[in-house]
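Take a look at the letters that make up each chain.
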Number of protein chains: 2
Amino acid sequence: MSREHVRPADIERSSMQIISGELEQRGILLPPETAPVVKRVIHTTADFDYAENLVFTPDAVGQGVRALSGGAVIVTDTNMARAGISRPGLEKLHGQSVCFMADADVAETARRRGTTRAAAAMEKAARLHPGAVLAVGNAPTALFQIAEQMEAGLRPALVIGVPVGFVNVAESKETIFRLCREKGVPAVVALGRKGGSGVAAAICNALIYMAAGLLDPADRSW
Amino acid sequence: MSREHVRPADIERSSMQIISGELEQRGILLPPETAPVVKRVIHTTADFDYAENLVFTPDAVGQGVRALSGGAVIVTDTNMARAGISRPGLEKLHGQSVCFMADADVAETARRRGTTRAAAAMEKAARLHPGAVLAVGNAPTALFQIAEQMEAGLRPALVIGVPVGFVNVAESKETIFRLCREKGVPAVVALGRKGGSGVAAAICNALIYMAAGLLDPADRSW
C-alpha cells in the first residue's frame, strides 16, 4: 500500500504543520521557548487542551535541555513512561532513563511504611539520582513525595508533573508547581486532571530532541 | 503524608464514581456491555471525548473477554502499550503479551520492502499468532497491514484500533472498523484523531480485568 511508503519524518512534519495551523486558528500563540514541548504533547494526544493546561516555570525548557545535554538521568514513575522515551535520542546524549517501580526493595519499603510504591520509588530516586529529571505521568503520590524531598533540600534538575486522574491529581500538580517556583526548581506541569505516561514521555522526548540537536530551531513547524 | 495512605483500590473506585457521575451529568448513557471499557479509557486519559469516539462491533467486549479467558495472546504495536498492560491480570489468565517492533528481523523486513516497522511487525504477528488480540495504539500503517492480512483471510480474536495522530489516522480507523464489521471480526476503535498507547493498554486491561474476574459486575461504579 502506498500509504506505508510515506516516510515517518514526513508524517511528523505534516502533523506538526497541522497542529501549528490549528493553534493559529484557535488564536493560541505559544511562546517559542515552550512551543516544541506543547506541540509534541498535542502530537502524542491529539488533544489541544494541552495548549492551555501546560505551565512552565521561567526557562524550564532551557534548563531541562541543558540538564539532559549534561547527562542528567531521567527518572520515570512508570515503566510505561520509560518505554515511551526515545532510545536513539537518549543514546545520542549518552543519557539514561530509570524506573524503580518494579524493584523488590521499593515494594518492601512501601509495605513497611504504608506508602505507595510510587512514593517509595521516588524516595529511592532522590537518594540515588538527586540531580535528575523527575518525570511523573501516573502517581500523584510520587509528586507529593518529591515535594517532601524538596522541603528537605532536594533540588532536581527538572520536575515533569503530569499525572492523570480524578482524585488528588490536580491538587498534587498545583502543590508541586507552587513549590518548584518557590525553590527555583524548573518544572513543567499539566494543570487539572489530564496527563499520563504518554504525556510524560512526550515532554521528555521534546527536551531530548532539542538537547540532541534533532529539532531544527529554524524550522517553524516544530 | 496522609494522602499516601489512601488505598489504590479506593482511589480507583472513587475515580470511577466521579466518571459515572459526570457521564450522567452530560446525559451520556453507556451500554452496560461497553461501559467498563469506555470508563477505563476515560480513567486513563481524563478525556470524556472517548465516551463518543469509541465504537464497538456487536458483542466485541464479550468476544474479547472470552478470547482472553481462553488464553489468546495480545500483540501490541509499541513496547509502550505492552508496558501498560496489567501483569498481575495477565498472569491470572495465564496470558501473554508480545510486541515485535524492536525485533531485528522486523527491521530487516521493513527495510527490504520499504514498509514501516509497525507494518512488518503486524505481518509477523499475523504469521505467529493468527488468533490474537491485536492492539494498535500508535501506527496507522499497522492497521492498514491488518486490513491487508484480513483481506487475505486472517481472523484475529479482536482488533483494538486506537492509533493517535493527524495524518492517515482517522482514515485507518474507519477502514479497519468497516472491514471488521464486514468480516465478522470483533473490533474496538476510537474514531477520529485521538487514541494512543495508553488508550490501547487501558482497553486491554478492562478486558483482562473482566476475564480474570477482577471487576465485580454487580458494582455499578465500573
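Not measured: the values here are computed from a predicted model.

Caption draft 1: Molecular detail of the sheet that holds strand 2 (residues 74-76) of chain A. Residue and element names in this part refer to chain A. Spatial strand order, 1-6-5-4-2-3: six strands in an open sheet with mixed pairing. Each edge of the sheet is formed by a strand with only one pairing partner; in this case those strands are strand 1 (54-56) and strand 3 (97-99). Taking the axes of each pair of neighbouring strands and ignoring which way they run, one obtains an average angle of 15 degrees across the sheet. Here strand 5 (residues 158-161) runs beside strand 6 (residues 187-190); their pairing, made up of three bridges, is parallel. By the bridge assignment for strand 6, Gly161 is matched with Val189.

Caption draft 2: Representation of the sheet that holds strand 3 (residues 97-99) of chain B in the model. Residues and elements named next belong to chain B. Across the sheet, six strands lie side by side as 1-6-5-4-2-3; this open sheet has mixed pairing. A single partner strand is all that each edge strand has here, and the edge strands are strand 1 (54-56) and strand 3. When strand polarity is set aside, the average angle formed by the axes of neighbouring strands in this sheet is 15 degrees. Relative to strand 3, strand 2 (residues 74-76) runs parallel, the two being bridged by three bridges. Each residue of the ladder has a partner; that of Thr76, found in strand 3, is Cys99. Those strands touched by helix 10 (residues 169-183) are strand 1, strand 5 (158-161) and strand 6 (187-190), and its axis lies near 160 degrees from that of strand 6.

Caption draft 3: Summary view of the side chain of Lys173 of chain B. Residues and elements named next belong to chain B. With respect to the helices, strands and loops of the structure, Lys173 is situated in helix 10. The side chain of Lys173 sits in the buried core without any salt bridge; Glu174 is the nearest counter-charge, 8.9 Å away. The residues contacting Lys173, other than those within four sequence positions of it, are Leu143, Gly161, Val162, Pro163, Val189, Ala190, Gly192, Arg193 and Lys194.

Caption draft 4: Expanded view of the interface of chain A and chain B. The interface is formed by 42 residues belonging to chain A together with 42 residues belonging to chain B. Roughly 3400 Å² is buried in total at the junction of chain A and chain B, and carbon and sulfur atoms are behind 63% of that figure. At the surface where chain A touches chain B, the tally comes to three salt bridges. Between Lys194 of chain A and Asp47 of chain B there is a salt bridge, with its nearest N and O atoms 4.0 Å apart. Seen at the junction of chain A and chain B, the total is two residue pairs in polar contact (both at pLDDT 80 or more). Among the secondary structure elements, those contributing two or more residues to the side of chain A that touches chain B are helix 1 (8-25), helix 2 (35-45), helix 5 (79-83), helix 9 (140-151) and helix 11 (197-211) of chain A. The element best represented in the side of chain A that touches chain B is helix 1 of chain A, accounting for six residues. Grouping the amino acids of the side of chain A that touches chain B by side-chain chemistry returns 16 nonpolar, 17 polar and nine charged.

Calculation rules
- Residues numbered from 1 in each chain as written.
- Chains lettered and ligands numbered in written order.
- Predicted model: local features only at pLDDT ≥ 70, side-chain atom pairs only at ≥ 80, totals over all residues.
- Heavy atoms only, no water.
- Pairing = 2+ DSSP bridges.
- Helix = DSSP H or I, 4+ residues; strand = E, 2+ residues; numbered from the N terminus.
- Axes fitted to C-alpha atoms, helices over the stretch in contact; angles between N-to-C directions.
- Contact = heavy atoms within 4.5 Å.
- Buried < 20%, exposed > 50% of the residue type's maximum accessible area, 1.4 Å probe, protein only.
- Lys, Arg positive; Asp, Glu negative; His and termini not counted.
- Salt bridge = Lys/Arg side-chain N within 4 Å of Asp/Glu carboxyl O.
- Buried area = accessible area lost by both parts, 1.4 Å probe.
- Polar contact = N/O pair within 3.5 Å; in protein donor to acceptor, adjacent residues only side chain to side chain.
- Nonpolar A, V, L, I, M, F, W, Y, C, P; charged D, E, K, R; others polar.

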